Amino acid sequence: MNQSATISRRAAAFAGAVSAGLALGLTELAAGFTDRVPSSVAAVGGFLIDWAPRSVKEFAISTFGTADKGALALGTTFVAILIGALVGILSLRWRWVAPAAFGVFGVVGIVATSTETTFSPIPTVIAIAVASGAGLLVLRALLYREVETPTDGVPGNSSRRIFIGSVAGVGMAALLTGVAGRRLIINRSERVRQGAVLPTPPMTLPPPGPNASFAVDELTPVVVPNSDFYRIDTALVVPRPDPETWRLKVTGMVDNELALSLDDVMAMPIVEDYVTISCVSNDVGGHLVGNAKWTGVRLVDILDRAGVQEGAGQIVGRSVDGWTSGFPTPLAYDGREPLLALGMNGEPLPPNHGYPARLIVPGLYGYVSATKWIEEIELTTWDGFDGYWIPRGWSKEGPIKTQSRIDRPRRGQSLPGAPLVLAGVAWAPTRGIERVEVQLDGGDWIEADLTTPLSDKAWVQWKVDQSLAPGDHEAKVRATDGDGMTQTSEETSPAPNGATGWHTIDFTTT
Ligand SMILES: Nc1nc2c(c(=O)[nH]1)N[C@H]1C(S)=C(S)[C@@H](COP(=O)(O)O)O[C@H]1N2
Ligand SMILES: [Mo]
């Protein structure tokens with residue numbers, strides 16, 4: 001007797017789901033063993049994201065933009081498993097559905113991974129064929145298993161137990177292979193990065209002196225540790241270029257196109273600088289801003305080697321995952337000293353922040369300049385190209401607006417009013433901060449003490465000592481930049497070119 005007539009649709013859905021999960025887990029495991037087999041989850045996810053309607057994509061990016069991108073990879077896996085469940089149900093009716101679906105699964109995996117730079121056809125095709133084949137065999141075994149001779153006289157129960165046990169076993173195998181694959185991929189790239197050496201600049205910047213920061217609890221550190229640094233990008237899974245084969249191409253309107261290896265770059269003069277970078281999406285009072293010490297080479301040294309041609313009005317950065325940004329060429333030469341950064345706070349760039357190399361252009365929001373995992377610098381005309389976010393409604397030029405933030409007290413905090421220290425950060429790269437003022441309960445503006453800036457490109461901390469009577473209070477902050485311009489009180493949202501307004505908080509003193 002054939003069991004397919006007796007298996008429920010729910011059971012078939014579970015069988016389909018775990019079989020699809022197993023196929024996915026096996027491809028991930030193969031990707032864990034060699035980067036010549038790219039991760040199907042990452043590749044298909046990237047594919048879906050590229051093909052998704054713009055609204056869906058923007059929703060995903062704004063939702064997951066600051067979250068761990070693992071969430072999006074999990075999303076892709078989840079969709080595959082749902083499709084697997086559907087395949088399980090349909091296979092009860094039509095036997096051809098399962099082979100067709102796993103065939104499509106394999107083809108989609110191969111097509112999607114083939115666009116990855118490390119893709120190698122033979123191992124990838126073998127790995128994906130084996131994985132899809134295994135998924136198919138397991139699904140068929142679960143669905144169309146002949147019912148064994150009843151031994152305990154309760155055939156229904158015994159075969160049900162076996163079925164549930166098998167589904168659970170396959171599900172566990174799917175989970176283990178998937179997790180092991182992911183781990184192997186991450187470990188491999190971590191090993192590579194840890195083996196990386198950061199070239200030392202001839203003149204190392206002195207560590208921040210005692211006047212570079214205030215000892216105030218809950219105040220954001222002047223130099224934000226890498227592990228706390230904000231992260232924003234569209235990458236579904238963190239790109240992990242192989243530093244051995246990585247090249248920085250310099251193309252377009254140049255006299256000599258270049259393809260620099262990491263060693264070539266490291267042989268150039270190494271410099272370092274404290275630079276505050278910010279996301280254009282940062283709300284007033286938000287945390288998508290941070291300051292780090294960046295080590296790298298001057299962008300102009302690279303540009304000069306390529307020979308920038310007349311009329312090349314835009315410098316486009318392109319990452320290994322196809323993301324792009326662009327800014328006016330004159331800004332590379334106006335003294336702000338954009339960097340091709342290799343290091344962040346004294347260690348090679350963390351994968352999240354662009355290893356092996358990224359651009360840092362002081363004074364520009366990240367979306368027009370700070371290309372992580374960069375693989376190409378293209379010189380083109382100003383009108384010749386629009387970076388990733390420009391057709392999505394953000395301004396083509398993105399200078400960072402002067403901003404200030406109250407870190408202490410926190411919004412809604414209740415704390416002793418006497419003595420009370422209010423403190424925060426203020427930034428206006430590359431103009432520097434001249435003055436920060438605080439207003440309490442609508443009173444006079446009080447000038448804050450400032451730390452000694454690490455550079456004109458870096459933020460400063462500010463602090464005000466007060467004593468306030470117990471009760472509810474409101475504090476506002478505003479900064480004046482090195483050009484004498486004070487932040488406008490007008491409140492605008494981040495789109496299209498950065499939020500304005502004064503950070504305002506309510507708090508209570510006891
Ligand atoms: N490859 C790539 N680089 C990118 C982005 C991206 O989506 N992809 N986002 C940019 C944006 S919008 C910002 S604000 C900065 C953030 O850099 P961080 O994640 O190191 O803080 O990276 C920029 N570089
Ligand atoms: Mo950003």
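Residues numbered from 1 in each chain as written. Chains lettered and ligands numbered in written order. Predicted model: local features only at pLDDT ≥ 70, side-chain atom pairs only at ≥ 80, totals over all residues. Heavy atoms only, no water.

J.: Please explain the site of ligand 1 as it appears in this structure.
T.: Surveying the vicinity of ligand 1 reveals 19 residues, the closest of which are Tyr230, Thr234, His353, Arg358 and Lys372. At 3.0 Å from an oxygen atom of ligand 1 is found a main-chain nitrogen or oxygen belonging to isoleucine 232. Here alanine 370 contributes a backbone N or O atom positioned 3.0 Å from a nitrogen atom of ligand 1. Computed on the free molecule, ligand 1 has an accessible area of 530 Å², of which 99% lies beneath the protein chains in the complex. Looking at side-chain class alone, the shell around ligand 1 contains nine nonpolar, five polar and five charged residues. (Near = heavy atom within 4 Å. Polar contact = N/O pair within 3.5 Å; in protein donor to acceptor, adjacent residues only side chain to side chain. Areas by Shrake-Rupley, 256 points an atom, 1.4 Å probe, with all protein chains shown as cover. Nonpolar A, V, L, I, M, F, W, Y, C, P; charged D, E, K, R; others polar.)

J.: I'm lost on the packing of aromatic side chains in this one. Help?
T.: One pass over the full model with this rule turns up eight aromatic pairs. When the ring of tryptophan 445 is compared with that of tryptophan 502, the centres are 5.1 Å apart and the planes differ by 80°; the resulting orientation is edge-to-face. Of this pair, tryptophan 445 sits in strand E15 (residues 445-447) while tryptophan 502 sits in the loop between strand E18 (471-481) and strand E19 (504-509); the two residues are 57 residues apart in sequence, bridging distant segments of the chain. The class of tryptophan 445 is partly exposed, set by a relative accessible area of 23%. By relative accessible area, tryptophan 502 is classed as buried at 18%. (Phe/Tyr/Trp six-rings, centres within 6.5 Å; stacked < 30°, edge-to-face > 60°. Helix = DSSP H or I, 4+ residues; strand = E, 2+ residues; numbered from the N terminus. Buried < 20%, exposed > 50% of the residue type's maximum accessible area, 1.4 Å probe, protein only.)

J.: How do you make sense of the nonpolar core when you look at a structure like this?
T.: Within soluble globular proteins, side chains that are nonpolar generally end up buried alongside one another. Counting 61 residues, the largest nonpolar core has Trp294, Ile302, Leu340 and Ile377 as its most contacted members. In contact with isoleucine 377, other than residues within four places in its own chain, are Leu248, Lys249, Val250, Thr251, Leu299, Leu303, Ile315, Val316 and Leu359. Listed in part, the 25 residues of the second largest apolar core include Val18, Ala23, Ala80 and Leu143. (Core = buried A, V, L, I, M, F, W, Y, C linked by side-chain atoms within 4.5 Å. Contact = heavy atoms within 4.5 Å.)

J.: Is there a simple way to think about the sheet that holds strand E17 (residues 460-466) in this case?
T.: Sheet strands pair by backbone hydrogen bonding; their relative direction is either parallel or antiparallel. With antiparallel pairing, the four strands of this open sheet are ordered in space as E11-E13-E17-E16. Edge positions in the sheet fall to strand E11 (403-408) and strand E16 (449-450), since each has one partner strand and no second. Examined bridge by bridge, strand E13 (residues 420-427) and E17 share seven bridges and lie antiparallel to one another. Within E17, the residue paired with valine 421 across the bridge is aspartate 465. (Pairing = 2+ DSSP bridges.)

J.: It is not clear to me how helix H6 (residues 121-144) should be interpreted in this structure. Could you clarify?
T.: Because an α-helix packs 3.6 residues into every turn, residues spaced three or four apart end up facing the same way. Relative to the 34 Å expected for 24 residues at 1.5 Å per residue, H6 spans 33 Å between its end C-alpha atoms, a close match to the ideal helical length. Among all positions of H6, only Thr124, Ala127, Ile128, Ala131, Ser132, Gly135, Leu136, Leu139, Leu142, Leu143 and Tyr144 are buried. (Expected span 1.5 Å × (residues − 1).)

J.: Just to check I follow, could you spell out the confidence of the model for the protein chain for this structure?
T.: Residues shown with low pLDDT carry predicted positions that ought not to be read at fine detail. Across the protein chain, the average pLDDT comes to 91, with 92% of residues at 70 or higher. Confidence drops under a pLDDT of 50 for residues 64-68, and excluding neighbours within four residues, the segment shows ten contacts in the predicted structure. (pLDDT = per-residue confidence, 0-100.)

J.: Would you explain the pairing of strand E4 (residues 289-298) in this entry?
T.: Taken residue by residue, a regular strand's side chains alternate between the two faces of the sheet. Counting buried residues along E4, nine of its ten residues qualify, which places the element largely inside the surrounding structure. Strand direction decides the pairing type here: strand E3 (residues 270-278) and E4, joined by nine bridges, are antiparallel. Note on E4: the bridge partner recorded for valine 275 is alanine 292. One ladder, built from five bridges, connects E4 with strand E7 (residues 339-344); its direction is antiparallel. Its bridge partner being in E7, arginine 298 is matched across the sheet by leucine 339.

J.: Which parts of the structure should I look at to understand unusual backbone geometry?
T.: The phi angle of most residues is negative, glycine excepted, and most peptide bonds adopt the trans form. In this structure, the amide linkage connecting alanine 418 to the following residue, proline 419, adopts the cis form with an omega of -5°. With an omega of 5°, the peptide bond between proline 429 and threonine 430 qualifies as cis. Inspection of the secondary structure puts threonine 430 in the loop between E13 and strand E14 (433-440). Positioned with a positive phi, tryptophan 373 is a non-glycine residue whose angle comes to about 50°.

J.: Looking at this structure, how should I read the side chain of threonine 295?
T.: Counting through the fold element by element, threonine 295 comes out in strand E4. Residue class for threonine 295 comes out buried when judged on its relative accessible area of 2%.

J.: In this structure, what is going on with a nonpolar patch on the surface? I would like to understand it.
T.: A cluster of nonpolar side chains, contributed by Leu86, Leu90, Trp94 and Trp96, occupies part of the molecular surface with about 440 Å² of accessible area. Mapped onto the fold, leucine 90 is located in helix H4 (residues 70-93). You can call leucine 90 partly exposed: its relative accessible area is 31%. (Patch = residues over 30% accessible without salt bridge, like charges linked within 9 Å, V, L, I, M, F, W, Y side chains within 5 Å. Salt bridge = Lys/Arg side-chain N within 4 Å of Asp/Glu carboxyl O.)

J.: Got a minute to help me understand the packing of helix H1 (residues 9-33) against H6 in this structure?
T.: Packed helix pairs are characterised by how far apart their axes lie and by the angle those axes make with each other. Running from amino to carboxyl end, H1 crosses H6 at an angle of 160°, the nearest separation of the two axes being 8 Å. The orientation of H1 relative to H6 falls into the category roughly antiparallel. Handedness of the crossing formed by H1 with H6: right-handed. Seen from H1, the contacting residues are Ala12, Ala15, Gly16, Val18, Ser19, Leu22, Ala23, Leu26, Thr27 and Ala30; seen from H6, they are Ala127, Ile128, Ala131, Ser132, Ala134, Gly135, Val138, Leu139, Leu142 and Leu143. A class-by-class count of the residues in the contact of H1 with H6 yields 15 nonpolar, five polar and no charged. (Axes fitted to C-alpha atoms, helices over the stretch in contact; angles between N-to-C directions. Parallel < 35°, antiparallel > 145°, perpendicular 65-115°, else oblique. Left-handed = near helix turned anticlockwise from the far one by under 90°.)

J.: Before we go on, may I ask you to explain helix H5 (residues 97-113) in this structure?
T.: Its 17 residues place the ends of H5 24 Å apart at the C-alpha level, agreeing with the 24 Å of an ideal helix rising 1.5 Å per residue. Looking at H5, one finds that the buried residues are Val97, Ala98, Phe102, Phe105, Gly106, Gly109, Ala112 and Thr113. Around the axis of H5, the buried residues are gathered within 165° of arc, so they sit on the same side. Among the exposed residues of H5, those pointing more than 90 degrees away from its buried face are Val104 and Val107. (Arc of directions from axis to C-beta.)

J.: Explain the sheet that holds strand E2 (residues 258-260) to me, please; I cannot follow it from the model alone.
T.: What the five strands build is an open sheet, ordered E2-E1-E10-E5-E6; its pairing is mixed. The two strands at the open ends of the sheet, each matched to only one other strand, are E2 and strand E6 (324-328). Within the sheet, the average angular offset between the axes of one strand and its neighbour, ignoring direction, is 15°. Bridge analysis of strand E1 (residues 248-252) against E2 gives three bridges, and the strand direction is antiparallel.

J.: Would you mind going over the environment of isoleucine 270 with me for this structure?
T.: Residue placement: isoleucine 270 occurs in strand E3. As for isoleucine 270 and valine 125, which are separated by 145 residues in sequence, their C-alpha atoms are 43 Å apart. Sequence-distant contacts of isoleucine 270, that is, excluding residues within four places in its chain, are made with Pro199, Thr200, Pro201, Pro202, Val265, Thr295, Gly296 and Val297.

J.: How should the pattern of salt bridges be read in this particular structure?
T.: Any two side chains of opposite charge can pair, so long as their charged atoms come close to each other. All told, the structure shown has 19 salt bridges when counted by the stated rule. Here lysine 372 and aspartate 233 are joined by a salt bridge, their closest N and O atoms 2.9 Å apart. Note that lysine 372 is positioned in the loop between strand E9 (358-360) and strand E10 (374-380) and aspartate 233 in the loop between helix H7 (155-195) and E1, a separation of 139 residues in sequence. Residue lysine 372 is classed as buried on the basis of its relative accessible area, which comes to 7%. Put simply, glutamate 437 and arginine 435 hold a salt bridge, and the shortest N to O gap is 3.9 Å. Salt bridges sharing common partners tie together Glu434, Arg435, Glu437 and Arg478.

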